[in-house]
Amino acid sequence: MGVRPLPRQAAGVSEDAAPRRVLASAFALGMAPARCRLVVEPVDAGDVPVDAEPAVGHASTAEVYSALLGRAVACDRRALSLVAGDEVYVGALVALDGRPWRPPEGTVLDAAALAAVRVEWRRVAVLPPVCGQCGDVECAVSRLGYAPGRCDDGRPSRGPSP
Ligand SMILES: [Zn+2]
């Protein structure tokens, strides 16, 4: 029941397009395809690719990222439209005691406010969806969300996925 790699074209990716690696201040579901898998893993600051496209929406956050990564990170409030194969690196703000932290609405963080939090880096990998029955990314269930009757592997389909 191994997961075969999906040809990039079948995943809606052109053959010549390299996977995007993006540095962002947040991950929103609206950036990702409607059907996909997201794998989130902790990484070290040194694992954030030097050539990751900056998509950091606030100048103050870009300054903090620049300081933490030791290189200039431009503030760029672009909208992202990711496809399978892309990766987003996000610096998650965490209170110094380790609790999740979120700034109050409308707050623009200054250096003093940011000194009270730390940043934990995460890599969010956008992967193609897999069939819930056979685990195959190329099965009709994963392509369509469901397959009437049986999936490509002959296993009974559970019907449309919620
Ligand atoms: Zn299947």
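Keep in mind that what you see is a predicted model, and the values were worked out from it rather than measured.

Reading the values: rules and limits
- Residues numbered from 1 in each chain as written.
- Predicted model: local features only at pLDDT ≥ 70, side-chain atom pairs only at ≥ 80, totals over all residues.
- Helix = DSSP H or I, 4+ residues; strand = E, 2+ residues; numbered from the N terminus.
- Buried ≥ 20, exposed ≤ 12 C-beta atoms within 10 Å, placed from the backbone.
- Contact = placed C-beta atoms within 7 Å.
- Pairing = 2+ DSSP bridges.
- Arc of directions from axis to C-beta.
- Core = buried A, V, L, I, M, F, W, Y, C linked by C-beta atoms within 7 Å.
- Axes fitted to C-alpha atoms, helices over the stretch in contact; angles between N-to-C directions.

A. Molecular detail of the overall build of the protein chain. The helix and strand inventory of the protein chain stands at 3 helices and 5 strands. Beginning at the N terminus, the succession of helices and strands in the protein chain can be written as β-β-β-α-β-α-β-α. For the protein chain, the proportion of its 162 residues judged to be buried stands at 23%. For the protein chain, contacts bridging at least 24 residues in sequence account for 64% of all contacts bridging at least 6.

B. Summary view of the pairing of strand S5 (residues 117-127). For strand S2 (residues 37-43) and S5, the ladder comprises 7 bridges, and the chain directions are antiparallel. Considered in S5, the bridge of Leu38 is made with Val126. Taken together, the 9 bridges between strand S4 (residues 87-95) and S5 define a ladder with antiparallel strand orientation. Within the sheet, the bridge partner assigned to Gly91 lies in S5 and is Trp121.

C. Quick look at the pairing of S4. Judged from the 4 bridges that link them, strand S1 (residues 21-24) and S4 form a sheet pairing that is parallel. Bridge pairing links Arg21 to Glu87 in S4.

D. Representation of helix H1 (residues 59-69) in the model. When we look at burial in H1, the residues that qualify are Thr61, Val64 and Tyr65. Down the axis, H1 shows its buried residues gathered within 100 degrees of arc, on one side only. Among the residues trailing H1, Gly70 stands out with phi positive, at a value near 70 degrees.

E. Layout of the nonpolar core. The biggest cluster of nonpolar side chains holds 18 residues, and the ones touching the most others in it are Val22, Leu23, Ala24, Val56, Val88 and Tyr89. Elements with a minimum of two residues in this core: S1, H1, S4 and S5. In this structure, Val88 is in contact with Val22, Ala24, Phe27, Leu82 and Val124, ignoring residues within four places of it in sequence.

F. Representation of the environment of Arg78 in the model. Tracing the backbone through its elements, the reader meets Arg78 in the loop between H1 and S4. For the pair Arg78 and Pro54, spaced 24 residues apart in the sequence, the C-alpha separation amounts to 8.8 Å.

G. Region of the structure containing the sheet that holds S1. Strands sit in the order S2-S5-S4-S1-S3 across an open sheet of 5 strands; the sheet is mixed. Here the strands that pair on one side only, and so sit at the sheet edges, are S2 and strand S3 (53-55). When the angles between neighbouring strand axes are averaged without regard to direction, this sheet yields 30 degrees. Direction of pairing for S1 relative to S3: parallel, over a ladder of 3 bridges. Bridge pairing links Ala24 to Ala55 in S3.

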